[in-house]
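Descriptive analysis of the structure
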Amino acid sequence: MVLVLAIGDLHIPHRAPDLPAKFKSMLVPGKIQHILCTGNLCIKEVHDYLKSLCPDLHITRGEYDADARYPENKTLTIGQFKLGLCHGHQIIPWGDLDSLAMLQRQLDVDILVTGHTHQFKAYKHEAGVVINPGSATGAYSSITYDVNPSFVLMDIDGLRVVVYVYELIDGEVKVDKIDFKKTANTQSAH
Amino acid sequence: MVGKKKGVPEWLNSPLWSSNLSDDRRSSRYETITLSPEPSSPPPAPSRPEPSPSRPRLAGAQRSEIGAHSGELSPSWSSPEEESRESQLLADFQITLSSRIINLGELRRLAFQGIPHGVRPTAWKLLLGYLPLDRTLWAHELEKKQTQYHTFKDELLLYPSEITRRMEGSAGSKNEDLSCLGTGLLSRSKIIHGEHPLSLTKSSVWNQYFQEAEILEQIDRDVKRTHPDMEFFCGGSYLAKSNQEALRRILIIFAKLNPGVKYVQGMNEVLAPLFYVFRNDPDETNASHAEVDTFFCFVELLSMFRDNFCKQLDNSLVGIRSTIEKLSQLLKRHDEELWRQLEVITKVNPQFYAFRWITLLLTQDFKFSDCLRIWDTLFSDPEGPQETLLRICCAMLIFVRRRLLAVGFHCTTENYLTTWLQFPKVSRVELLRFIRVLFSDETSAHSSMGKLRWALISAYGAMSGCLLVSLGLLKGGSLLPNTKS
């Protein structure tokens, strides 16, 4: 049972001062084993904050990130799943499923986590699943109207994943979940 | 101890008891006197640890199969007469245990002398009240307990994700399958009862899980550290790992079922001998259910000592402090000089030594096999093991009295601690001789208990004075014959 936090597009301090208080109260250290951050934090302080939640932090570079040393994309294996991480501004059209699917096949991962659109989405296609945690601060985006703060927590347990979606709607935290599992590793790997 | 009516008998002051024979540092301080103490007290029935040897030497068949997986027990050493006594004791046990309704008093009496290895698991289960006295009910009881334990395992050892899945299972929901063809958005579903991993509500399964995580970690750590020298627990083998897993499960379930006490460091030490004994039961069926039996016996055992573990009760009438106080009073009654030395002159806080003895039931202070032997005696006490335990502790103190008294006024607590943390080892031959001397001089076994004691002493020749003393305290409350406490 591994808890993985997928979060990103905070745009602190340029477009938002901080995470919503209700999110902050829930994100306490000691519960989460990995953090996948899509990017656009943008400053070191946010990096430190995330690091304090969990020492295993993976970040990819967003176009506004102050630290230029983050990689463009990253892959890692957690339990039975291969996860990929990419900010998403590199994939055009932004947010297009087929293009993201191409990236997923390229990285050869079961779950691809991308951001940039500031909107939560969970797609499924033959190659796997694409998850967009949205923007944790609800920062302005040129391609999305009415951004709600959101992030994603994945509970990876063997071959099943339960994706918990946390959204702040009208000042209240709403949690939904998505259940899926993958078949045992076959030759095709998906 | 001149002129004291209820004082410590002279033989205790013999340097034999106070010097470690391999300890050159100290031996020079003591004059060697010949071993001819006044037989002023009938050394009561033996039950000394060190001679674990004499015990396992029973029916050869049993011994060899025990030997196979319990190499930790020391090799046997016994004379022919001891062997015959051993087999006599084993025969007695078998007779008692084969009757339809078991005579608990008789069992207790026999257990007091030490339980032969092969019979120990069953004897312990009876003494702890796990098995009913009526043999015919055993199968039924055992089955009941097994189902109960499996229910516990089922309910309590789950991860929160499994629990929530179960909750949904009853509500009926479907799973998306990654492999099925088709693209599109994954459907979102509602969460059950507001259960999500970051939930902060008290009733949330997840929240409880994280709060218990610390205890689970502690249990994990302690289980891995239990008896690192024993192959049974800490070997690299698959068996050792499964033993550790069993210990872990038992402790977790206990902690969850007893939120008042939860898990306290040291419980693993109390659990280890129980599990070891039950797992090494010569009867294969019993051994396979060792985990279940151990769990319930552990519960029984701890219920007698629960108050010692409960932090809130520390200062109360039943807590550990008052138990230590009782020990202190017991010591005062039996050996005033030593008591004064400890309490008044040097003001050593008894918590430094007594705490571990009492809460861990002496598991840390004697060899493992010896500890099993002591527990035989502890369990045989009809009034509950606490009284016996205190008397043994008191005896341990008196046993090293000479050393303690010699340490002197200026010495610090560390000296005291090093003194009694090193329990002296006395050569078996000398002990045996000593006992024979006492035996031959015994004149006043005025009670049947006394006679019994004598019989047992000769049966279990090799023992240390400590338990001689302790059993004196146990039975008559006094070390001298003809006096009542």
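Just so you know, these numbers come straight off a predicted model, no measurement behind them.

Glancing now at the overall build of chain B. Scanning chain B for helices and strands turns up 24 helices and 3 strands. Taking all 485 residues of chain B together, the buried fraction comes to 55%. For chain B, the exposed area adds up to about 21,600 Å²; of that, 53% sits on carbon and sulfur atoms.

On a plain count of helices and strands, chain A comes out with 3 helices and 11 strands. When the helices and strands of chain A are listed from N to C terminus, the series reads β-α-β-α-β-β-β-α-β-β-β-β-β-β. The 190 residues of chain A split such that 58% are buried. Considering only contacts within chain A whose residues lie at least 6 apart along the sequence, 55% involve residues at least 24 apart.

Residues and elements named next belong to chain B. Two elements in contact, helix H12 (residues 267–279) and helix H18 (residues 368–380), have axes separated by 11 Å at closest approach and are oriented at 90°. What the angle tells us is that H12 and H18 run roughly perpendicular. Here Val270, Ala272, Pro273, Leu274, Tyr276 and Val277 of H12 lie close against H18, whose contacting residues are Phe368, Leu372 and Trp375. Partitioned by chemical class, the residues of the contact of H12 with H18 number 9 nonpolar, no polar and no charged.

Its location among the elements puts Gly79 of chain A in the loop between strand S4 (73–78) and strand S5 (81–86). Sequence separation between Gly79 of chain A and Met1 of chain A is 78 residues, and the spatial gap between their C-alpha atoms is 8.8 Å.

Residue and element names in this part refer to chain A. Taken together, Ile92, Trp94 and Ile143 make up a surface patch of nonpolar side chains, about 320 Å² in accessible area. Position of Ile143 relative to the elements: it lies in the loop between strand S8 (128–132) and strand S9 (150–157). Given a relative accessible area of 40%, Ile143 falls into the partly exposed group.

Take helix H5 (residues 104–112) of chain B next. Residues of H5 of chain B that are buried: Leu107, Arg108, Leu110, Ala111 and Phe112 of chain B. Remark: Gly114 of chain B follows H5 of chain B within two positions and exhibits a positive phi of approximately 110°.

With that out of the way, let us pick up the pairing of strand S2 (residues 34–37) of chain A. Residue and element names in this part refer to chain A. Here S2 shows two buried faces, one formed by His34 and Leu36 and the other by Ile35 and Cys37. Relative to S2, strand S1 (residues 2–7) runs parallel, the two being bridged by 4 bridges. Bridge pairing in S2 links Val4 to His34. Examined bridge by bridge, S2 and strand S3 (residues 57–59) share 3 bridges and lie parallel to one another. By the bridge assignment for S3, Ile35 is matched with Leu57. In this view, the connection linking S2 to its parallel neighbour S3 by way of helix H2 (residues 44–53) has right-handed handedness.

Taken as a whole and assessed by the stated rule, the structure comprises 16 salt bridges over all chains. For Arg69 of chain A, the salt bridge goes to Asp67 of chain A, with nearest N and O atoms at 3.0 Å. With a relative accessible area of 72%, Arg69 of chain A lands in the exposed category. A relative accessible area of 21% means that Asp67 of chain A is categorised as partly exposed. Taking the shortest distance from any N to any O, the salt bridge between Lys145 of chain B and Glu141 of chain B comes out at 3.7 Å. In this pair, Lys145 of chain B and Glu141 of chain B both sit in helix H7 (residues 138–156), 4 residues apart, roughly one turn of the helix. Across the pair, Glu141 of chain B and Lys145 of chain B agree in class, each one buried. Through salt bridges with shared partners, a single network forms among Glu141, Lys144 and Lys145 of chain B.

It is worth spelling out the nonpolar core at this point. Grouped together as the largest cluster of nonpolar side chains are 87 residues, with contacts concentrated most on Phe298 and Trp375 of chain B. Look past the residues within four positions of Trp375 of chain B in its chain and what remains in contact with it is Trp124, Val270, Pro273, Leu274, Leu301, Leu361 and Thr363 of chain B. Leu5, Met26, Ala136 and Val162 of chain A belong to the second-largest nonpolar core, a separate cluster that totals 33 residues.

Moving on to the interface of chain B and chain A. How big an interface is tends to be stated in terms of the accessible area lost upon association of its parts. Contact residues are listed per partner, giving 34 residues for chain B and 37 residues for chain A. Taken over both partners, the interface formed by chain B and chain A buries close to 3,300 Å², and the fraction arising from carbon and sulfur atoms is 60%. Between the two partners, chain B and chain A, sit 0 salt bridges. Joining chain B to chain A, the criterion identifies 2 residue pairs in polar contact (both at pLDDT 80 or more). Within the residue set of the side of chain B that touches chain A, elements represented by two or more residues are helix H8 (160–171), strand S1 (176–177), strand S2 (184–185), strand S3 (189–190) and helix H9 (205–225) of chain B. Sort the elements by how many residues they give to the side of chain B that touches chain A and H8 of chain B lands first, with 6 residues. Of the residues assigned to the side of chain B that touches chain A, the class counts are 14 nonpolar, 12 polar and 8 charged.

Residue and element names in this part refer to chain A. You can see Ile156 is positioned in strand S9. Classification of Ile156 as buried rests on a relative accessible area of 2%. Counting along the chain gives 75 residues from Ile156 to Phe81, while the straight-line C-alpha distance between them is 8.1 Å. Residues contacting Ile156, with those up to four places away along its chain left out, are Met1, Val2, Val4, Ile78, Phe81, Leu83 and Val161.

Within the open sheet, the 6 strands sit side by side as S4(A)-S5(A)-S6(A)-S8(A)-S7(A)-S2(B). Their pairing is mixed. Bordering the open sheet on either side are S4 of chain A together with S2 of chain B, each of which pairs with just one other strand. Across 5 bridges, strand S7 (residues 121–125) of chain A lies against S8 of chain A in antiparallel orientation. Residue pairing across strands places Lys121 of chain A opposite Asn132 of chain A, the latter belonging to S8 of chain A. Most of the contacts of helix H3 (residues 97–107) of chain A go to strand S6 (residues 111–113) of chain A, to which it runs at about 120°, and overall it touches S4, S5, S6, S7 and S8 of chain A.

Rules behind the numbers
- Residues numbered from 1 in each chain as written.
- Chains lettered and ligands numbered in written order.
- Predicted model: local features only at pLDDT ≥ 70, side-chain atom pairs only at ≥ 80, totals over all residues.
- Heavy atoms only, no water.
- Helix = DSSP H or I, 4+ residues; strand = E, 2+ residues; numbered from the N terminus.
- Buried < 20%, exposed > 50% of the residue type's maximum accessible area, 1.4 Å probe, protein only.
- Areas by Shrake-Rupley, 256 points an atom, 1.4 Å probe, with all protein chains shown as cover.
- Contact = heavy atoms within 4.5 Å.
- Axes fitted to C-alpha atoms, helices over the stretch in contact; angles between N-to-C directions.
- Parallel < 35°, antiparallel > 145°, perpendicular 65-115°, else oblique.
- Nonpolar A, V, L, I, M, F, W, Y, C, P; charged D, E, K, R; others polar.
- Patch = residues over 30% accessible without salt bridge, like charges linked within 9 Å, V, L, I, M, F, W, Y side chains within 5 Å.
- Salt bridge = Lys/Arg side-chain N within 4 Å of Asp/Glu carboxyl O.
- Pairing = 2+ DSSP bridges.
- Right-handed = clockwise from strand over helix to strand, strands pointing away.
- Core = buried A, V, L, I, M, F, W, Y, C linked by side-chain atoms within 4.5 Å.
- Buried area = accessible area lost by both parts, 1.4 Å probe.
- Polar contact = N/O pair within 3.5 Å; in protein donor to acceptor, adjacent residues only side chain to side chain.

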